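Fold and contact review
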Amino acid sequence: MWCRRLAWLYPETRRLLTKVAKRPHRWTTKLQRSSPSVVRWLSTGPGTPECSWVLHPGHMELLYSGASMHLDYVWLRDHCRSASCYNSKTNQRSLDTASVELDIKPAQVRVDETTLYLTWPDGHMTRYGLEWLSQNCYEGQKQQLVQPRILWSTQSYKEANVPSVSYLDFLETGEGLRDFLQNFLLYGIAFVEDVPATREETQKVAERISHIRETIYGKMWDLTSDFSRGDTAYTKLALDRHTDTTYFQEPCGMQLFHCLRHEGTGGRTLLVDGFHAAEQVRQNHPEDFEILSNVPLRHEYIENVGESHNHMVGIGPVLNVYPWNKELYMIRYNNYDRAVINTVPYDLVRRWYSSHRILTTELRKPENELWVKLKPGKVLFVDNWRVLHGRESFTGYRQLCGCYLTRDDVLNTARLMGLKS
Ligand SMILES: C[N+](C)(C)CCCC[C@H](N)C(=O)O
Ligand SMILES: O=C(O)CCC(=O)C(=O)O
Ligand SMILES: [Fe+2]
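Predicted, not measured: the structure shown is a model, and the values here were computed from it.

**Looking at the pairing of strand β7 (residues 108-111)**
- Across four bridges, the pairing between β7 and strand β8 (residues 115-119) is antiparallel. The partner of Val111 across the bridge, within β8, is Leu116.
- Between the antiparallel neighbours β7 and β8 lie three residues.

Shown next as structure tokens:
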């Protein structure tokens, strides 16, 4: 039912997608039927039973170590790693993809235990490692996670006893940094302890793993309840769980919090694993998961306080998944900053509210809430694309500093240390 509604909402996109999806299939089957002799399985022979293949009109099918791959000929030609097609010093393609005939077919095919050899009509030869193919083909990627994670509830996070790293280990040892990043990638939160309670030292900690993402709040930001900026964060009020900067087209990837001072009561920080909640919704209410990952919404930050004049807009669905493996990569959830919904028709909007309610109920379950009191010295890193934060109301003087980090640079640091992300 809702599916039809979505189709109504985006008829052009849907038409385009169906057209693209159908075209190659029809073409393949027609040719196959008219020339059945093409469909013949060949194999590497008795000594090497590992690999067999069959040539179809537009692609070849390869069976290697029990896995089946469908490899399009244009794709194969485009991924030639020979010296004239690919610069292995810069890891860049030199082949002009637009010069490849879209109906290209290999003139000769040979396979041995480790390698597929294709000779193209112009005599150019390409070799592909079978292992490389199985890693890089669509079927292989479909079954892999871009970023492995450990989803958590209050209890499972506490039971995991994830260690914090000390300021010195974090700054001075590769191991300290690596362990920290590994935990941060797995859990979406991580702590550095014993950091001198100043803005400068906090910045040093941030810059150990990434460039700081400068925003309308500056490079390093300060937060006190002085209403110096036009946002509820700058008051003493409680803040329900949310992700930040949903009103940016690309919300900030990571955030760092350091409480430099608090003389008063309350003010604890709330953390909730948004992906854990979303996966519960996917399991128990798959249609609601679909709606939340397909209906884009506008988020807005309008500020006119003192010298600060801003109007930021960010549009996207609450849940964001990679289309090929359905892996979640971002949750955009902020009920304060969600703008007027005017991109959804009335009979879908009710459905969206109901899906949003289901997710919200999951996010609000006490067993998913992790409450921590930030103290001077304890720096909290939050993956703002995954873990929601909030705070309890408070009394007295409370001063936080922190910054946003560019996600690309955090992940770059992690990959250089051999971590999967
Ligand atoms: C973190 N810092 C204090 C700089 C800004 C707070 C921004 C709060 C905003 N409602 C949002 O959720 O993005
Ligand atoms: O005051 C806090 O603990 C956090 C406020 C907040 O949500 C933010 O600064 O993004
Ligand atoms: Fe926030």
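**Brief notes about the site of ligand 2**
- Surveying the vicinity of ligand 2 reveals the residues Leu223, Leu239, His242, Asp244, Gln255, Phe257, His389, Arg391, Arg398 and Leu400.
- His242 has a polar side-chain atom sitting 3.1 Å from an oxygen atom of ligand 2.
- Contact distances for ligand 2 include 2.8 Å between an oxygen atom and a side-chain N or O atom of Asp244.
- At the level of secondary structure, the elements contributing two or more residues to the shell around ligand 2 comprise β14 (239-242), β15 (254-263), β23 (387-391) and β24 (397-405).
- Residue composition of the shell around ligand 2, grouped by class: four nonpolar, three polar and three charged.

**As for the UniProt feature "domain: TauD/TfdA-like" (unreviewed entry) in the protein chain**
- Here the UniProt feature "domain: TauD/TfdA-like" (unreviewed entry) sits at residues 165-404.
- As a span, residues 165-404 carries 29% helix and 33% strand, and end to end its C-alpha atoms are 20 Å apart.

**Quick word on the coordination of the iron ion (ligand 3)**
- Bound to the iron ion (ligand 3) on the protein side are His242 (NE2), Asp244 (OD) and His389 (NE2), at distances that span 2.1 to 2.2 Å.
- Read in sequence order, the donor residues coordinating the iron ion (ligand 3) give the pattern H-x1-D-x144-H.
- Asp244 gets classed as buried once you look at its relative accessible area, which sits at 13%.

**Observations concerning the pattern of salt bridges**
- Counted according to the given criterion, the structure contains 19 salt bridges.
- Between Arg268 and Glu392 there is a salt bridge, with its nearest N and O atoms 3.0 Å apart. On the criterion of sequence distance, the pair formed by Arg268 in the loop between β15 and β16 (269-273) and Glu392 in the loop between β23 and β24 is long-range, its members being 124 residues apart.
- Overall, Arg268 belongs to the partly exposed group, its relative accessible area being 34%.
- Through salt bridges with shared partners, a single network forms among Asp240, Arg241, Arg364 and Glu369.

**Side note on the sheet that holds strand β2 (residues 51-55)**
- The four strands lie next to each other as β1-β2-β3-β4, forming an open sheet whose pairing is antiparallel. The open sheet has two free edges, formed respectively by β1 (42-43) and β4 (67-72), since each of these has just one partner strand.
- Where β1 and β2 come together, two bridges link them in antiparallel fashion. Bridged to Leu42 within β2 is Trp53.

**A short note on the confidence of the model for the protein chain**
- Mean pLDDT over the protein chain: 91, with 90% of residues reaching 70 or higher.
- When mean pLDDT is compared element by element in the protein chain, β23 scores highest at 99, while helix α2 (residues 11-34) scores lowest at 38.
- Note that pLDDT drops below 50 for residues 1-37; the model gives that stretch 24 contacts with residues more than four away or on any other chain.

**Comments concerning a negative patch on the surface**
- A surface patch of negative charge is lined by Asp169, Glu172, Glu175 and Asp179.
- Elements represented by at least two residues in the negative patch include exactly α7 (167-172) and α8 (174-187).
- With respect to the element layout, Asp179 can be found in helix α8.
- Overall, the relative accessible area of 41% leaves Asp179 in the partly exposed class.

**What to know about the packing of aromatic side chains**
- Counted by the stated rule, this structure contains 17 aromatic pairs.
- Here Phe170 and Phe381 contribute two aromatic rings whose centre-to-centre distance is 6.3 Å and whose plane-to-plane angle is 50 degrees, an arrangement assigned as tilted. Note that Phe170 is positioned in helix α7 and Phe381 in strand β22 (residues 379-383), a separation of 211 residues in sequence. Residue Phe170 shares its accessibility class with Phe381, and that shared class is buried.
- Centre to centre, the rings of Phe180 and Phe381 are 4.8 Å apart; their planes meet at 75 degrees, and the pair counts as edge-to-face. Remark: Phe381 occurs in strand β22 and Phe180 occurs in helix α8; sequence separation between them is 201 residues.
- The class for Phe381 is buried, based on a relative accessible area of 0%.
- A network of ring pairs unites the aromatic residues Tyr217, Tyr247, Phe248, Tyr301 and Tyr404 as a single cluster.
- Stacked on the ring of Tyr86, the Lys or Arg Arg81 has its end atom at 4.0 Å from the ring centre.

The rules behind each value
- Residues numbered from 1 in each chain as written.
- Chains lettered and ligands numbered in written order.
- Predicted model: local features only at pLDDT ≥ 70, side-chain atom pairs only at ≥ 80, totals over all residues.
- Heavy atoms only, no water.
- Pairing = 2+ DSSP bridges.
- Helix = DSSP H or I, 4+ residues; strand = E, 2+ residues; numbered from the N terminus.
- Near = heavy atom within 4 Å.
- Polar contact = N/O pair within 3.5 Å; in protein donor to acceptor, adjacent residues only side chain to side chain.
- Nonpolar A, V, L, I, M, F, W, Y, C, P; charged D, E, K, R; others polar.
- UniProt positions renumbered as here; feature names shortened; annotations may be inferred.
- Donors = N, O, S within 2.8 Å, 3.2 Å for Na, K, Ca; no water.
- Buried < 20%, exposed > 50% of the residue type's maximum accessible area, 1.4 Å probe, protein only.
- Salt bridge = Lys/Arg side-chain N within 4 Å of Asp/Glu carboxyl O.
- pLDDT = per-residue confidence, 0-100.
- Contact = heavy atoms within 4.5 Å.
- Patch = residues over 30% accessible without salt bridge, like charges linked within 9 Å, V, L, I, M, F, W, Y side chains within 5 Å.
- Areas by Shrake-Rupley, 256 points an atom, 1.4 Å probe, with all protein chains shown as cover.
- Lys, Arg positive; Asp, Glu negative; His and termini not counted.
- Charge placed at Lys NZ, Arg CZ, Asp CG, Glu CD.
- Phe/Tyr/Trp six-rings, centres within 6.5 Å; stacked < 30°, edge-to-face > 60°.
- Lys NZ or Arg CZ within 6 Å of the ring centre and 35° of its normal.

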